[in-house]
Amino acid sequence: NIEALDWSDLAFMLYAVAATLVLMGVGLLVTLRYRSDPAARGALVQGVFRSNYAIIGIPLATALYGDAGAAAASLLSAVSIPLYNALAVITLTVFDPENKGKKVSFGKIVKGIFTNPLILGVLAGLVCQAVRAGLTAAGISWRLKDLTFLWTAVKNIAQTASPFMLIVLGGRFEFSAVREKWKPITLGVFMRLIAAPVLTLVPAYFLLPQLGGQHVAAYLALFGTPVAVSSAVMAREMHSDDVLAGQLVVWTTVLSMFTLFGEIMLLRTLGLL
């Protein structure tokens, strides 16, 4: 509800957008310095700025700060999910090995953004919100939830999507790839789990003094969680290094148990959560 937003909410959301763009820029600088393979560059840059916010982040913010944390996290999801997917398309298109030596088409990037399944999902959600608002204005109380059997089936399918994806990634995990790609894996894990929260949460403390604990919880959920599961699938579809992308998902997911614990303890010790 845009009318209900105040300036502190807008600043909270705009900082998240700006910080994500900064992380993408830092990822570009680091990968251009240390990696020469375009496919690996695309997977690494995506791993730096793209977190598993929808699946791990929002529940984490809710667990840390209750309903207020959930509300703050929901505000960020409105801007973070479309932004993540748009930037991922741009990154993977620019570093597509098939485009090496060629001029990247602006039209191709735009088409990739607007045909991305997750962005189409966001647009579909906006359409549903508009339809619901129209029904409410017309005094019609019927909702899809009234079809209990259909609503339950759709909700159950949605709940299995991410766990199933993690199972598939685990099944495709190759231990031999760790030895071959340990350097980019180490770099990607460090950038995602250590550098990203430090580079975003510390400036937020000084630039946004009005932040409450719920906002800090939402930022930690956005910038401190592991790489998004969908990044590996997207990397494969766009000719990036999907093996490296999958390794980053697996290792950041496993190691985030320790990094998130440490970050939460530190923030609570400082009285920020």
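The following paragraphs examine the structure supplied in this document.

Analysis parameters
Residues numbered from 1 in each chain as written. Predicted model: local features only at pLDDT ≥ 70, side-chain atom pairs only at ≥ 80, totals over all residues. Heavy atoms only, no water. Helix = DSSP H or I, 4+ residues; strand = E, 2+ residues; numbered from the N terminus. Rg over C-alpha atoms; globule rule 2.2 N^0.38 Å. Buried < 20%, exposed > 50% of the residue type's maximum accessible area, 1.4 Å probe, protein only. Contact = heavy atoms within 4.5 Å. Lys, Arg positive; Asp, Glu negative; His and termini not counted. Charge placed at Lys NZ, Arg CZ, Asp CG, Glu CD. Phe/Tyr/Trp six-rings, centres within 6.5 Å; stacked < 30°, edge-to-face > 60°. Patch = residues over 30% accessible without salt bridge, like charges linked within 9 Å, V, L, I, M, F, W, Y side chains within 5 Å. Areas by Shrake-Rupley, 256 points an atom, 1.4 Å probe, with all protein chains shown as cover. Salt bridge = Lys/Arg side-chain N within 4 Å of Asp/Glu carboxyl O. 1 Å grid on protein atoms, 1.4 Å probe; cavity = no way out; pocket = protein on both sides within 12 Å on 5 of 7 lines; lining within 4 Å. Points joined across faces, edges and corners; volume = space filled by probe spheres on them. Nonpolar A, V, L, I, M, F, W, Y, C, P; charged D, E, K, R; others polar. Core = buried A, V, L, I, M, F, W, Y, C linked by side-chain atoms within 4.5 Å.

### Side note on the overall build of the protein chain
Then step 1. In terms of helices and strands, the protein chain carries 10 helices and 0 strands.
Then step 2. For the protein chain, the N- to C-terminal ordering of α and β elements is α-α-α-α-α-α-α-α-α-α.
Then step 3. Relative to the globule expectation of 19 Å for 273 residues, the C-alpha radius of gyration of the protein chain, 19 Å, shows essentially globular dimensions.
Then step 4. When burial is assessed residue by residue, the protein chain has 42% of its 273 residues classed as buried.
Then step 5. Contacts in the protein chain between residues at least 24 apart in sequence constitute 80% of all its contacts with a sequence separation of at least 6.
Then step 6. Across the protein chain, the mean location of the 20 positive side-chain charges is 6 Å away from that of the 14 negative side-chain charges.

### Looking at the packing of aromatic side chains
When we look at a pair of aromatic rings, we describe it by the centre distance and by the angle of the planes.
Then step 1. Enumeration over the complete set of coordinates arrives at 5 aromatic pairs.
Then step 2. Ring centres of Tyr-15 and Tyr-219 lie 5.4 Å apart, and the angle between their planes is 55°; this geometry places the pair in the tilted category. With Tyr-15 in helix H1 (residues 7-34) and Tyr-219 in helix H8 (residues 213-223), the pair connects residues that are 204 residues apart, well separated along the chain.
Then step 3. Residue class for Tyr-15 comes out buried when judged on its relative accessible area of 12%.
Then step 4. According to the relative accessible area criterion, Tyr-219 is buried, its value standing at 1%.
Then step 5. Their ring planes at 45° and their centres at 6.4 Å tell us that Phe-49 and Tyr-84 sit as a pair that is tilted. Linking Phe-49 in helix H2 (residues 38-49) with Tyr-84 in helix H3 (residues 53-94), this pair joins segments that are 35 residues apart in sequence.
Then step 6. Taking relative accessible area as the criterion, Phe-49 reaches 0% and is therefore assigned buried.
Then step 7. An aromatic cluster is built from Phe-12, Tyr-15, Tyr-219 and Phe-223, whose rings are joined through pairwise contacts.

### Let's talk about a nonpolar patch on the surface
Then step 1. Judged by side-chain polarity, Ile-140, Trp-142, Leu-144, Leu-147, Phe-149, Leu-150 and Val-154 come together as a nonpolar surface patch covering roughly 650 Å² of accessible area.
Then step 2. Secondary-structure assignment places Val-154 in helix H6 (residues 148-172).

### Overview of the layout of surface pockets
Then step 1. Considering only enclosed or pocket space, the second largest pocket measures out at about 430 Å³ in volume.
Then step 2. If you trace the second largest pocket, you find 19 residues lining it, with Leu-201, Val-202, Tyr-205, Leu-267 and Leu-272 closest to the centre.
Then step 3. Secondary structure elements with two or more residues in the lining of the second largest pocket: helix H7 (175-207), H8 and helix H10 (242-269).
Then step 4. Of all the elements, H7 adds the most residues to the lining of the second largest pocket, at 7 residues.
Then step 5. Grouping the amino acids of the lining of the second largest pocket by side-chain chemistry returns 16 nonpolar, 2 polar and 1 charged.

### Focus: the environment of Ile-113
Then step 1. With respect to the helices, strands and loops of the structure, Ile-113 is situated in helix H4 (residues 106-114).
Then step 2. Sequence-distant contacts of Ile-113, defined by excluding residues within four places in its chain, comprise Ala-86, Val-89, Ile-90 and Ile-119.

### Let's talk about the pattern of salt bridges
Then step 1. One pass over the structure, following the stated rule, counts 1 salt bridge.
Then step 2. Asp-241 serves as the salt-bridge partner of Lys-181, at 2.9 Å between the closest nitrogen and oxygen. Separated by 60 residues along the polypeptide, Lys-181 in helix H7 and Asp-241 in the loop between helix H9 (230-237) and H10 bring together distant segments of the chain. Side by side, Lys-181 and Asp-241 carry an identical accessibility label, which is buried.

### Some thoughts on the nonpolar core
Then step 1. Counting 63 residues, the largest nonpolar core has Phe-49, Leu-76 and Tyr-219 as its most contacted members.
Then step 2. Those elements giving two or more residues to this core turn out to be H1, H2, H3, H4, H7, H8, H9 and H10.
Then step 3. If you tally residues by element for this core, the top one is H3, at 14 residues.
Then step 4. Sequence-distant contacts of Tyr-219, defined by excluding residues within four places in its chain, comprise Ala-11, Phe-12, Tyr-15, Ala-16, Leu-76, Leu-201, Ala-204, Leu-208, Leu-211 and Gly-224.

### Observations regarding H8
Then step 1. Counting buried positions along H8 gives 10 out of 11 residues, so the element sits mostly inside the fold.
Then step 2. Listing the buried residues of H8 in full gives Gly-213, His-215, Val-216, Ala-217, Ala-218, Tyr-219, Leu-220, Ala-221, Leu-222 and Phe-223.

Function cannot be read off these values alone, since they describe shape.
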